[in-house]
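# Summary of structural features
Below are the chains, spelled out letter by letter.
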Amino acid sequence: MIINKELLDSISAQAKANERLRMNFNLHESLDSPSQRLINALEVGTIIPVHRHKYTSETYILIRGAIKLSFYDSKGNITESVVLSHESGNYGFNIPKYQWHSLEVLSSDTAIFEAKDGPYKPLSEDDILNILP
């Protein structure tokens, strides 16, 4: 499979039509796969809650667009933020397991490659940090 502009445009069009303003394109064969690899098309306004993964690290590699990745302590205080964009020269980040994080989409038609260990496990309530604006 070639990951090209046509594929990214197709996934981004689906993200724009989705009420969550994002769309996954899985590269792994099933949710039980030991390696979860996907392209995530993200649009400005999508809401990614502050969350953590207890069982796996997570890697983001920017394909196009721009995101602001923020890290938090357990009380909801931002401890670090980094912009991933071709202009900034920052292209990816490996997030260790247990690290609270979230991202903000900064430009339309953003796409990232994500990788984490499987099988897929939905976030539990204690994996989401509810922070009031």
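Notes on the structure follow. What you see as residue numbers is a count from 1 along each chain, following the sequence as written. At least 70 in pLDDT is required for a residue's local features to be given in this predicted model, at least 80 for side-chain atom pairs to be given and counted, and no such filter applies to totals for whole chains, interfaces and linings, which use all residues. Side-chain numbers here rest on the full set of heavy atoms in the structure, without hydrogens or water.

What follows covers the nonpolar core. Counting residues in each nonpolar core, the largest one holds 13 residues, and the members touching the most others are Leu-42, Tyr-60, Ile-67, Leu-69, Leu-103 and Ile-112. In this text, helices come from DSSP runs of H or I with a minimum length of four residues, and strands from runs of E with a minimum of two, each type numbered from the N-terminal end. Secondary structure elements with two or more residues in this core: β4 (58-64), β5 (66-72), β6 (78-85) and β8 (100-105). In terms of residue count, β5 provides more of this core than any other element does, three residues in total. We call two residues in contact whenever any of their non-hydrogen atoms come within 4.5 Å of each other. Beyond its immediate chain neighbours, meaning those up to four positions away, Ile-67 contacts Leu-42, Tyr-60, Val-82, Val-83, Leu-84, Leu-103, Glu-104, Val-105, Leu-106, Thr-110 and Ile-112. We define the nonpolar core as a collection of buried residues of types Ala, Val, Leu, Ile, Met, Phe, Trp, Tyr and Cys that are connected through side-chain atoms lying within 4.5 Å of one another. Exposure is judged per residue with a 1.4 Å probe applied to protein chains only, and the accessible area is read against the type maximum: over 50% gives exposed, under 20% gives buried, and values in between give partly exposed. If you look at the next biggest cluster of nonpolar residues, it comprises seven residues, including Leu-7, Leu-8, Ala-41 and Ala-111.

This part takes up the side chain of Ser-70. Its location among the elements puts Ser-70 in strand β5. Exposure remark for Ser-70: the relative accessible area of 7% places this residue in the buried category. Whenever a nitrogen or oxygen atom comes within 3.5 Å of another N or O atom, the pair is scored as a polar contact, on the condition that within protein one atom can donate a hydrogen and the other can accept it, and that pairs from neighbouring residues in sequence are kept only if both atoms are in side chains. Here the side chain of Ser-70 touches Ser-81 through a polar contact of 2.9 Å, side chain to side chain.

Another aspect to go through is the environment of Ser-107. Tracing the backbone through its elements, the reader meets Ser-107 in the loop between β8 and β9 (110-117). C-alpha separation for the pair Ser-107 and Glu-43, spaced 64 residues apart in sequence, amounts to 7.0 Å. Those residues in contact with Ser-107 that sit more than four places away from it in its chain are Leu-42, Val-44, Gly-65 and Ala-66. Only 3.1 Å separates the side chain of Ser-107 from the backbone nitrogen of Ala-66, close enough to count as a polar contact.

Read from one edge to the other, the open sheet built from five strands follows the order β1-β2-β9-β4-β7, with strand pairing classed as antiparallel. Across the chains shown, the open sheet's two edge strands, defined by having one partner strand only, are β1 (22-26) and β7 (92-95). In this sheet, adjacent strand axes meet at a mean angle of 20° when their direction is disregarded. In short, DSSP must find at least two bridges between two strands for them to pair. Bridge analysis of strand β2 (residues 35-42) against β9 gives eight bridges, and the strand direction is antiparallel. Of the residues in β9, the one forming a bridge with Asn-40 is Ile-112. Axis angles are defined between N-to-C directions and span 0 to 180 degrees, where every axis is a line fitted to C-alpha atoms and, for a helix, only to the segment in contact.

Right, let's talk about helix α1 (residues 5-17) for a bit. For a helix, the expected span equals 1.5 Å multiplied by the residue count minus one. For α1, with 13 residues, the first-to-last C-alpha span of 18 Å sits near the 18 Å given by 1.5 Å per residue. Three or more residues of α1 are buried, namely Leu-7, Leu-8, Ile-11, Ser-12 and Ala-15. Taken end-on, α1 shows its buried residues confined to a sector of 130°, consistent with a single buried face. Opposite the buried face of α1, by more than 90 degrees, sit the exposed residues Lys-5, Glu-6 and Ala-17. Against β1, β2, β4 and β9 lie the buried residues of α1. The opening residue of α1, the one whose side-chain oxygen lies 3.3 Å from the backbone nitrogen of Glu-6, is Asn-4. Regarding the arc, it is the one traced by the directions from the helix axis to the C-beta atoms.

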